[in-house]
Amino acid sequence: MRLPVLTKAQLVSDAESISVPRLPGTYSWKTTGGSTGIPVRIRKTRYATAAEQAASWRSYGWYGVRPGDRQARFWGTPLSGKTRARARAIDWVLNRDRFSAFAFSRDDLRIYLQRLLVARPVWVYGYVSMLVEFARFSLSEKFDLRPLGIRAVVTTSEALTEPDRKIIEEAFAAPVFNEYGCGEVGAILYECTAKKLHLMAENLFLELVPAPTEDQPDAHRILVTDLHNRATPLIRYDISDRVVPSPPCDCGRGLPAFRSIFGRAYDFITCSDGTRYHGEFFLYHLEEARDQGSPILQAQFVQTGSDRILIRVVATDLYDARHGRDLASKIRRASDDRFEMEVEVVPGLSRERSGKIRLIVAKPAQDSEPQGPSLCGVVSGSPA
């Protein structure tokens, strides 16, 4: 008998019935949102978390990076004091400097450049879009990062295009490697030095479902089964992304190989003054609202004007207008009142051709290069 496919929406609605109720002291909570805009909170056993981390560090070793090497992390910053303090403690233990991936001005980016000189990281990790923005800025300032001797830049959470790779490599004077995963199961694919993506097969079973597109006739939708997490068993979990399989890789590692992964994308929302906000900025506020009991199941942020945002909300029967107003008000204040916000309750959100629901629907940029006095910017999953 074939087991049914598990969707993210089902995981959200049925999380308690799927999870094992009594595992005292053996699990932790994992909260993740991702580009679909559906926050998920699941239990994860300590063994499963350890296996996930082991696979990641094994893969980072391919790039000459070892546990404890100094890291510059271009990532989100938790909103509340308690979670922010926890993130700082984790950063200290893991020997990494965090560069905020939410809103950042040109002055902030100059500070980041100086911080890099002081920290002298061995490697860099972060969202593709923020690394591209930082790389573009450092090149425009003619800032030479070669003396830092950075060994590798690992990109995550978003699709990495060849132009993105080129500009990041040029700015950081280091090779770029792509990481693909989701918060619920952790790392799924890592790029090797031969530029193929390899499955973390010790931890995950991947089922390929033919899903051709016009430009990718050999594409497959992936269903993921986590082999270790017994606290919340994820079997045939549909994360809506697609891969293109590859013949065995010349690197000789023996892990299943893939040519490409697609379906992930975050957009920036750019204000009239040039300030830019990444999808994670909005996702963190959505996750915080849910943690505080808001009955919002799903949300999409649509830029309807230079400084206007429509929040499309899918909610439970417990929702009333104050929940939407509270979310809109917090985002407006966090953006220094740059945005005019409105909220619309909808029965569901439409999907892209890739099968994903976009968290951000931004107005097309007028110019690929940032203009004006300031910029703003920016993953797999967890805000930590």
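Description of the structure in this document. Note that the structure is a prediction, hence the values are computed from the model and not measured.

## Quick look at the overall build of the protein chain
Helices and strands together make up the secondary structure of the protein chain, namely nine helices and 20 strands. For the protein chain, the proportion of its 384 residues judged to be buried stands at 55%. A total of about 17,400 Å² of accessible surface is found on the protein chain, and carbon and sulfur atoms cover 52% of it.

## Points about helix H5 (residues 106-119)
The terminal C-alpha atoms of H5, which comprises 14 residues, lie 20 Å apart, in line with the 20 Å expected from a rise of 1.5 Å per residue. Of the positions making up H5, those classed as buried are Arg106, Leu109, Tyr112, Leu113, Leu116 and Ala119. Relative to the axis of H5, the buried residues are bounded by an arc of 135° and lie together on one face. What points out from H5, more than 90 degrees from its buried face, is the exposed set Asp107 and Val118. In the core, the buried residues of H5 are packed alongside strand E4 (71-75), strand E5 (96-100), helix H6 (128-140) and helix H7 (162-172). Positive backbone phi, approximately 50°, marks Arg120, located one or two places after H5.

## With respect to the packing of helix H8 (residues 279-291) against helix H9 (residues 321-334)
Where H8 meets H9, the axes come as close as 10 Å, and the angle between the chain directions of the two elements is 140°. Taken together, the axes of H8 and H9 are oblique relative to one another. The element H8 and its partner H9 pack so that their crossing is right-handed. Two secondary-structure elements touch here, H8 through Phe281, Phe282, His285, Leu286, Glu288 and Ala289 and H9 through Leu327, Lys330, Ile331 and Ala334. Here the contact of H8 with H9 is built from residues that sort into seven nonpolar, one polar and two charged.

## What about a nonpolar patch on the surface?
Together, Trp92, Val93 and Leu94 make up a nonpolar patch on the protein surface, roughly 390 Å² of accessible area in all. Tracing the backbone through its elements, the reader meets Val93 in helix H4 (residues 81-93). When its relative accessible area of 60% is taken as the criterion, Val93 is described as exposed.

## Looking at the sheet that holds strand E17 (residues 296-305)
The strand order E19-E18-E17-E20 describes an open sheet built from four strands, whose pairing is mixed. Bordering the open sheet on either side are strand E19 (340-345) and strand E20 (360-361), each of which pairs with just one other strand. The sheet contact formed by strand E18 (residues 308-315) and E19 spans six bridges and is parallel. Residue Arg308 lies in a different strand from E19, and its bridge partner there is Glu340. Its contacts with the sheet put H8 on E17, E18 and E20, and the angle it makes with E17 is roughly 145°. Strands E17, E18 and E19 of the sheet are contacted by H9, whose axis makes an angle of about 155° with E19.

Basis of the calculations
- Throughout this document, residue positions are counted from 1 along each chain, in the order its sequence is written.
- Per-residue local features are limited, in this predicted model, to residues with pLDDT of at least 70; the limit for side-chain atom pairs, both in listing and counting, is 80 or more; totals at the level of whole chains, interfaces and linings are taken over all residues.
- Only hydrogens and water are removed before side-chain values are computed, so all heavy atoms of the structure are retained for them.
- Numbering goes from the N terminus for both helices and strands, where a helix is a DSSP run of H or I of at least four residues and a strand is a run of E of at least two.
- Categorising residues by exposure relies on relative accessible area from a 1.4 Å probe, with only protein chains included: less than 20% of the type maximum marks a residue as buried, more than 50% marks it as exposed, and the intermediate range marks it as partly exposed.
- All accessibility values rest on the Shrake-Rupley procedure with a 1.4 Å probe; residue burial counts only the protein chains present in the view.
- Helix span is expected to be 1.5 Å times the residue number reduced by one.
- Arc, as used here, means the arc of the directions from the helix axis to the C-beta atoms.
- Throughout, a contact is declared for two residues whenever any of their heavy atoms are within 4.5 Å.
- In this description, a line fitted to the C-alpha atoms serves as the axis of each element, helices being fitted only across the stretch in contact, and the angle between N-to-C directions of two axes falls anywhere from 0 to 180 degrees.
- Note on angle classes: values under 35 degrees are labelled roughly parallel, values over 145 roughly antiparallel, values of 65 to 115 roughly perpendicular, and the remainder oblique.
- With the far helix as reference, a near helix turned anticlockwise by less than a right angle produces a left-handed crossing, and one turned clockwise produces a right-handed crossing.
- Throughout this entry, Asp, Glu, Lys and Arg are counted as charged residues, while Ala, Val, Leu, Ile, Met, Phe, Trp, Tyr, Cys and Pro are counted as nonpolar. The remaining residues, Gly among them, count as polar.
- Exposure above 30% relative accessible area and no salt bridge define the residues that can form patches, which grow by joining like charges within 9 Å and nonpolar side chains of Val, Leu, Ile, Met, Phe, Trp and Tyr within 5 Å.
- Take a side-chain nitrogen of Lys or Arg and a carboxyl oxygen of Asp or Glu: if they are within 4 Å of each other, that pair is a salt bridge.
- Should DSSP find at least two bridges between two strands, the strands are taken to pair.

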